[in-house]
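Take a look at the letters that make up each chain.
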Amino acid sequence: MLNKEVEKAINAQINAEFWSAYLYLSMSMHFANKGYSGIANWFMIQFKEEQDHATIFMNYMNSRDGKVVLQPIEGVDTEWESPLAAFKATYEHEQKVTALINGIYAVATAEQDYATQNMLQWFIKEQVEEEDTARGYIDALEKIGDNGYGLYMFDKELASRAYTTPAPLAGKE
Ligand code: FEO
């Protein structure tokens, strides 16, 4: 039986993951509209990954006899002035998500819920990657500036990103 405080924190996180998915879907649609098909692809995969994150939490809740309660998803921005602005917003958002994951870990620690602490390890590692990737793209885009060929190559690079099922859903962890 899942501790009630932990259950509450995970339900809030499920909502945050779906909000993240909606944010990245909005970014994907924005850049598709602006002719950046590679960046649109990257954010579309990000959209899928965030839904996966929510699913991992929902599966975990069900496995611990917790009750998933889905809450309304708040609206998201629909315009970004440049790819750099979108990746800056992504980086800021992922830092907030990291803080939320750390917050659940703190609740699980206070409640001596070792299974939840163990489950969160995957997310803690994932957040390091999420922040590192966004920061790397910010660095690249700052170097590119307004260079059209640079932006073309950046878009081309992001077109190569392919979706892979995260380990907890692929039955590897
Ligand atoms: Fe679900 Fe981007 O962290």
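This structure is a prediction, so every number in the text was calculated from the model and none was measured.

Enquirer: A description of the side chain of glutamate 50 should follow, citing residues and the corresponding values.
Expert: For glutamate 50, the position within the fold is in helix H2 (residues 37–63). No salt bridge is formed by the buried glutamate 50; the nearest opposite charge belongs to arginine 161, separated by 8.0 Å. Among the polar contacts made by the side chain of glutamate 50, one reaches the side chain of histidine 53 at a distance of 3.1 Å.

Enquirer: So what's going on with the pattern of salt bridges? Which residues, and what values?
Expert: Scanning all chains against the criterion turns up five salt bridges. A salt bridge links arginine 161 to glutamate 49; the shortest N-O distance between them is 3.2 Å. Highlighted residues: arginine 161 in the segment after helix H5 (148–158) and glutamate 49 in helix H2, separated in sequence by 112 residues. A relative accessible area of 14% places glutamate 49 in the buried class.

Enquirer: Requested: an account of the nonpolar core, with residues and values cited.
Expert: The nonpolar side chains of soluble globular proteins are, as a tendency, buried together. In terms of nonpolar packing, the biggest core is built from 21 residues, with Met27, Phe31, Ile39, Phe43, Phe87, Phe154 and Leu158 touching the most fellow members. Those elements that provide at least two residues to this core are helix H1 (4–33), H2, helix H3 (83–110), helix H4 (114–144) and H5. Of all the elements, H4 adds the most residues to this core, at five residues.

Enquirer: Can you lay out the packing of aromatic side chains for me, pointing to particular residues and giving the numbers?
Expert: Under the defined criterion, the tally for this structure stands at 13 aromatic pairs. Ring centres of phenylalanine 31 and tyrosine 36 lie 5.9 Å apart, and the angle between their planes is 75°; on these two criteria the pair is classed as edge-to-face. Put simply, the rings of Tyr24, Phe31, Tyr36, Trp42, Phe43, Phe87, Tyr137 and Phe154 pair up and form one aromatic cluster. When the ring centre of tryptophan 42 is taken as reference, the NZ or CZ atom of arginine 161 above it lies at 4.5 Å.

Enquirer: So, the environment of asparagine 102: which residues are in play, and what are the values?
Expert: Mapped onto the secondary structure, asparagine 102 falls in helix H3. A C-alpha to C-alpha distance of 10.0 Å links asparagine 102 and glutamine 117, two positions 15 residues apart in sequence.

Enquirer: I'd like a description of unusual backbone geometry, backed by residues and values.
Expert: We note that aspartate 65 has phi near 60°; this positive angle belongs to a residue other than glycine. Structurally, aspartate 65 is set in the loop between H2 and H3. Residue aspartate 65 is classed as exposed on the basis of its relative accessible area, which comes to 52%. A positive phi angle is found at glutamine 112, which is not glycine, with a value near 55°. Along the chain, glutamine 112 falls in the loop between H3 and H4.

Enquirer: Describe the side chain of glutamine 46, listing the residues and the values that go with them.
Expert: Along the polypeptide, glutamine 46 turns up in helix H2. Sequence-distant contacts of glutamine 46, defined by excluding residues within four places in its chain, comprise Tyr24, Glu94, Glu130 and Arg161.

Enquirer: For the packing of H2 against H3, give the residues involved together with the corresponding values.
Expert: Relative orientation of the contacting elements H2 and H3 amounts to 10°, with a least axis distance of 13 Å. For the element pair H2 / H3, the angle class is roughly parallel. In this structure, H2 contributes Ile39, Trp42, Phe43, Gln46, Glu50 and Phe57 to the contact, and H3 contributes Pro83, Ala86, Phe87, Thr90, Glu94, Ile101 and Ile104. A breakdown of the residues in the contact of H2 with H3 according to their chemical character gives nine nonpolar, two polar and two charged.

Parameters at a glance
Residues numbered from 1 in each chain as written. Predicted model: local features only at pLDDT ≥ 70, side-chain atom pairs only at ≥ 80, totals over all residues. Heavy atoms only, no water. Helix = DSSP H or I, 4+ residues; strand = E, 2+ residues; numbered from the N terminus. Buried < 20%, exposed > 50% of the residue type's maximum accessible area, 1.4 Å probe, protein only. Lys, Arg positive; Asp, Glu negative; His and termini not counted. Salt bridge = Lys/Arg side-chain N within 4 Å of Asp/Glu carboxyl O. Polar contact = N/O pair within 3.5 Å; in protein donor to acceptor, adjacent residues only side chain to side chain. Core = buried A, V, L, I, M, F, W, Y, C linked by side-chain atoms within 4.5 Å. Phe/Tyr/Trp six-rings, centres within 6.5 Å; stacked < 30°, edge-to-face > 60°. Lys NZ or Arg CZ within 6 Å of the ring centre and 35° of its normal. Contact = heavy atoms within 4.5 Å. Axes fitted to C-alpha atoms, helices over the stretch in contact; angles between N-to-C directions. Parallel < 35°, antiparallel > 145°, perpendicular 65-115°, else oblique. Nonpolar A, V, L, I, M, F, W, Y, C, P; charged D, E, K, R; others polar.

These results come straight from atomic positions and should not be treated as a statement about function.
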